[in-house]
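Listed below, chain by chain, are the residues.
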Amino acid sequence: MKFFGRKDPQAGGQLDLSKLPRHIAIIMDGNGRWAKKRGLPRTAGHAAGAETFRRVATYCKNIGIEYLTVYAFSTENWSRPADEVKAIMDILEKYLQEAIETMERDRVKMKFFGDVTFLSAKLQKLIAETEKISARFDGVQVNMCVNYGGRDEILRAARAYAIEYKASGTALTEESFSRYMFSSGLPDPDLIIRPSGEMRLSNFLLWQSAYAELYFTETLWPDFDERTLDRAIISFQKRDRRFGGVKGQVK
Ligand code: FPP
């Protein structure tokens with residue numbers, strides 16, 4: 001066992017680097033409340049949230065997490081005021097521009113889950129470029145969910161399967177259906193984290209979350225840091241994952 005990290009009395013233990021979750025998914029929630037507490041516009045919360053994302057992704061890479069999936073913009077988030085939607089898109093644009101410039105140094109592989117055809121032409125171009133340049137990196141893979149909804153993903157998969165079934169009669173199994181998801185080929189998330197005190201999935205990874213361990217914290221996303229992630233992982237490491245079996249019979 002290789003332990004890691006500073007002593008954190010609230011963590012209830014130390015991070016065990018030999019038992020890391022392969023795939024962590026995060027609902028980056030609480031940006032608006034973080035800004036409000038400081039008398040700032042909500043958009044300042046999103047900008048701070050983007051910086052937190054940068055920090056958390058770097059930490060995941062450094063400790064050896066293989067996949068990090070984050071919920072940046074849902075299919076329902078379009079109902080927010082137009083200026084807030086624009087601000088989030090602008091932050092994403094700026095982030096990707098910077099990411100492209102520093103990619104050789106950071107070596108983070110980036111993928112996007114969601115229907116990006118609804119985004120601006122500029123953002124779509126940046127997304128395509130980011131995916132193309134980073135495809136050869138093999139450290140952490142970050143999946144950024146933009147215009148993503150779990151139900152929408154399942155419907156899209158069902159439509160794609162129906163077309164293929166007509167052509168070739170492919171059998172429908174959990175494994176074959178998974179291939180139509182944005183997450184095709186990736187392991188399901190082991191740990192889903194939601195900051196900000198809310199305790200729901202909000203249409204995030206509905207298919208993939210079947211056996212994910214859930215972790216909720218009151219910390220607002222812009223205040224989330226390496227130590228908060230350590231606590232979530234330490235909690236995960238104490239769970240008894242049975243995947244529907246009985247204790248001691250599953251890996
Ligand atoms: C939820 O908090 C947050 C969002 C809907 C947007 C998240 C977007 C970012 C963190 C920026 C995206 C860019 C990158 C590079 C990751 P909320 O606004 O619902 O917060 P509240 O519940 O406190 O109002």
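Residues numbered from 1 in each chain as written. Predicted model: local features only at pLDDT ≥ 70, side-chain atom pairs only at ≥ 80, totals over all residues. Heavy atoms only, no water.

1. Let's talk about the overall build of the chain
Step number 1: On a plain count of helices and strands, the chain comes out with seven helices and eight strands.
Step number 2: For 251 residues, the compact-globule estimate of 2.2 N^0.38 gives 18 Å, and the C-alpha radius of gyration of the chain, at 19 Å, lies within 12% of that figure.
Step number 3: Each principal axis of the C-alpha atoms in the chain carries an extent, and together these give about 60 × 50 × 35 Å.
Step number 4: Per-residue burial for the chain yields a buried fraction of 47% across its 251 residues.
Step number 5: When contacts within the chain are restricted to residue pairs at least 6 apart in sequence, long-range pairs at least 24 apart make up 75% of them.
Step number 6: About 13,300 Å² of surface is accessible on the chain, with carbon and sulfur atoms providing 53% of the total.
Step number 7: Charge-centre separation for the chain: the mean point of 39 positive side chains lies 2 Å from the mean point of 33 negative side chains. (Helix = DSSP H or I, 4+ residues; strand = E, 2+ residues; numbered from the N terminus. Rg over C-alpha atoms; globule rule 2.2 N^0.38 Å. Buried < 20%, exposed > 50% of the residue type's maximum accessible area, 1.4 Å probe, protein only. Contact = heavy atoms within 4.5 Å. Areas by Shrake-Rupley, 256 points an atom, 1.4 Å probe, with all protein chains shown as cover. Lys, Arg positive; Asp, Glu negative; His and termini not counted. Charge placed at Lys NZ, Arg CZ, Asp CG, Glu CD.)

2. Things to note about a nonpolar patch on the surface
Step number 1: A surface patch of nonpolar side chains, about 280 Å² in accessible area, is lined by M199, L214 and F216.
Step number 2: Examined against the element boundaries, L214 turns out to sit in strand 8 (residues 213–216).
Step number 3: On the basis of relative accessibility, which here comes to 35%, the residue L214 falls in the partly exposed class. (Patch = residues over 30% accessible without salt bridge, like charges linked within 9 Å, V, L, I, M, F, W, Y side chains within 5 Å. Salt bridge = Lys/Arg side-chain N within 4 Å of Asp/Glu carboxyl O.)

3. Quick look at the site of the ligand
Step number 1: Taken together, 16 residues lie around the ligand, and G32, R33, R42, H46 and R80 are the ones closest in.
Step number 2: In the environment of the ligand, an oxygen atom lies 3.2 Å from a nitrogen or oxygen atom belonging to the backbone of N31.
Step number 3: Residue G32 places a main-chain N or O atom 3.1 Å away from an oxygen atom belonging to the ligand.
Step number 4: In isolation the ligand exposes 610 Å². Once the protein is present, 92% of that is buried.
Step number 5: Secondary structure elements with two or more residues in the shell around the ligand: helix 1 (31–37), helix 2 (42–63) and helix 3 (82–106).
Step number 6: Here the shell around the ligand gets five residues from one element, more than from any other, and that element is helix 2.
Step number 7: The residue inventory of the shell around the ligand, partitioned by class, reads six nonpolar, six polar and four charged. (Near = heavy atom within 4 Å. Polar contact = N/O pair within 3.5 Å; in protein donor to acceptor, adjacent residues only side chain to side chain. Nonpolar A, V, L, I, M, F, W, Y, C, P; charged D, E, K, R; others polar.)

4. Looking at the packing of helix 3 against helix 4 (residues 121–134)
Step number 1: Packing of helix 3 against helix 4 brings their axes to within 10 Å, and their N-to-C directions diverge by 30°. In terms of orientation, helix 3 lies roughly parallel with respect to helix 4. Crossing of helix 3 over helix 4 shows left-handed handedness. Facing helix 3, whose interface residues are M89, L92, E93, L96, Q97, I100 and M103, helix 4 presents K122, L123, L126, I127, E129, T130, I133 and S134.
Step number 2: Split into classes, the residues belonging to the contact of helix 3 with helix 4 amount to nine nonpolar, three polar and three charged. (Axes fitted to C-alpha atoms, helices over the stretch in contact; angles between N-to-C directions. Parallel < 35°, antiparallel > 145°, perpendicular 65-115°, else oblique. Left-handed = near helix turned anticlockwise from the far one by under 90°.)

5. Overview of helix 3
Step number 1: Its maximal kink placed at I100, helix 3 deviates by approximately 45°.
Step number 2: Count one or two residues on from helix 3 and you reach R107, which has phi positive near 50°. (Bend = angle between axes of the 7 residues up to and from the residue.)

6. Some words on the pairing of strand 3 (residues 23–27)
Step number 1: The buried fraction of strand 3 amounts to five of the five residues, a majority that puts the element mostly inside the structure.
Step number 2: Residues of strand 3 alternate between two faces, with H23, A25 and I27 on one and I24 and I26 on the opposite face, all of them buried.
Step number 3: Bridge count between strand 3 and strand 4 (residues 67–74): five bridges; the pairing is parallel. In the sheet register, I24 faces strand 4, and the bridge partner there is L68.
Step number 4: When strand 3 meets strand 7 (residues 191–194), the two strands line up parallel, connected through three bridges. For I24, the partnering residue across the bridge sits in strand 7 and is L191. (Pairing = 2+ DSSP bridges.)

7. A few points about the pairing of strand 5 (residues 109–113)
Step number 1: Where strand 5 lies against strand 6 (residues 141–148), five bridges are found, and the strand directions are parallel. The residue bridging F112 from the neighbouring strand is M144, located in strand 6.
Step number 2: Once you follow strand 5 into helix 4 and on to strand 6, the crossover reads as left-handed. (Right-handed = clockwise from strand over helix to strand, strands pointing away.)

8. Things to note about unusual backbone geometry
Step number 1: In this model, N147 sits at a positive phi of 50°, which is unusual for a non-glycine residue.
Step number 2: Relative to the assigned elements, N147 resides in strand 6.
Step number 3: Classification of N147 by relative accessible area gives buried; the value is 5%.
Step number 4: With phi around 80°, S196 is a residue other than glycine that occupies positive phi space.
Step number 5: Inspection of the secondary structure puts S196 in the loop between strand 7 and strand 8.

In short, the description is geometric, and any link to function would need to be established separately.
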